[in-house]
Amino acid sequence: MEIGQKVKVFRLRDRVSAPVVKKLGQVGIIQGYKVTDGRGIGVVVLFDDNTSTWFFEDEIKPV
């Protein structure tokens, strides 16, 4: 996955806050990467409402 690529959130691996749950099924643009706590690399996604959050690569898919 590359910066600038459109992706869709299709699952959530861990328990998350309600605002992040609302991102399930939404499409956003990859803004950058995040080093996680040893379980992999996270992807920072920017959404149309100008909010961003990070997801594991197996939680998103290209559109």
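For the structure itself, consult the block above.
Now for a description of the structure that goes with this document. Keep in mind that what you see is a predicted model, and the values were worked out from it rather than measured.

A few points about the overall build of the chain
Here is step 1: Secondary structure summary: the chain contains one helix and five strands in total.
Here is step 2: On C-alpha atoms alone, the chain measures out to a radius of gyration of 11 Å, which is about the 11 Å that the 2.2 N^0.38 rule sets for 63 residues.
Here is step 3: Dimensions along the principal axes, computed over C-alpha positions, put the chain at roughly 30 × 25 × 20 Å.
Here is step 4: Counting every position in the chain, which comprises 63 residues, the buried fraction comes to 29%.
Here is step 5: The long-range fraction of contacts in the chain, counting pairs at least 24 apart against all pairs at least 6 apart in sequence, stands at 45%.
Here is step 6: Total accessible area on the chain is roughly 4,200 Å²; 52% of this is exposed by carbon and sulfur atoms.
Here is step 7: For the chain, the distance from the average site of its 10 positive side-chain charges to the average site of its 8 negative ones is 6 Å.

Concerning the pairing of strand S1 (residues 6–9)
Here is step 1: Every second residue of S1 is oriented toward a common face, the buried set being Val7 and Val9 and the non-buried set Lys6 and Lys8.
Here is step 2: Strand direction decides the pairing type here: S1 and strand S2 (residues 27–35), joined by three bridges, are antiparallel. Residue pairing in the sheet places Lys8 in a bridge with Val27 of S2.
Here is step 3: Bridge analysis of S1 against strand S5 (residues 60–62) gives three bridges, and the strand direction is antiparallel. Each residue of the ladder has a partner; that of Val7, found in S5, is Pro62.

Rules behind the numbers
- Note that residues are indexed from 1 along each chain, following the sequence as it is written.
- Thresholds applied to this predicted model are a pLDDT of at least 70 for local features of residues and 80 or more for the giving and counting of side-chain atom pairs; totals over whole chains, interfaces and linings are not thresholded and use all residues.
- No hydrogens and no water enter the side-chain calculation; it runs on all heavy atoms of the structure.
- The helix and strand labels rest on DSSP assignments: H or I over at least four residues marks a helix, E over at least two residues marks a strand, and numbering proceeds from the N terminus.
- Note on method: radius of gyration uses C-alpha positions; expected globular size equals 2.2 Å times residues raised to 0.38.
- Per-residue accessibility, obtained with a 1.4 Å probe over protein chains only, is compared with the maximum for each type, and a residue is labelled buried under 20%, exposed over 50%, and partly exposed between these values.
- Contact criterion: two residues are considered in contact whenever any of their non-hydrogen atoms come within 4.5 Å of each other.
- Computed with the Shrake-Rupley method and a 1.4 Å probe, the accessible areas treat only the protein chains shown as cover for residues.
- Charge counting treats Lys and Arg as positive and Asp and Glu as negative, with His and both chain ends excluded.
- Every charge is mapped to an atom, namely NZ of Lys, CZ of Arg, CG of Asp or CD of Glu.
- At least two bridges found by DSSP between two strands is the condition for calling them paired.

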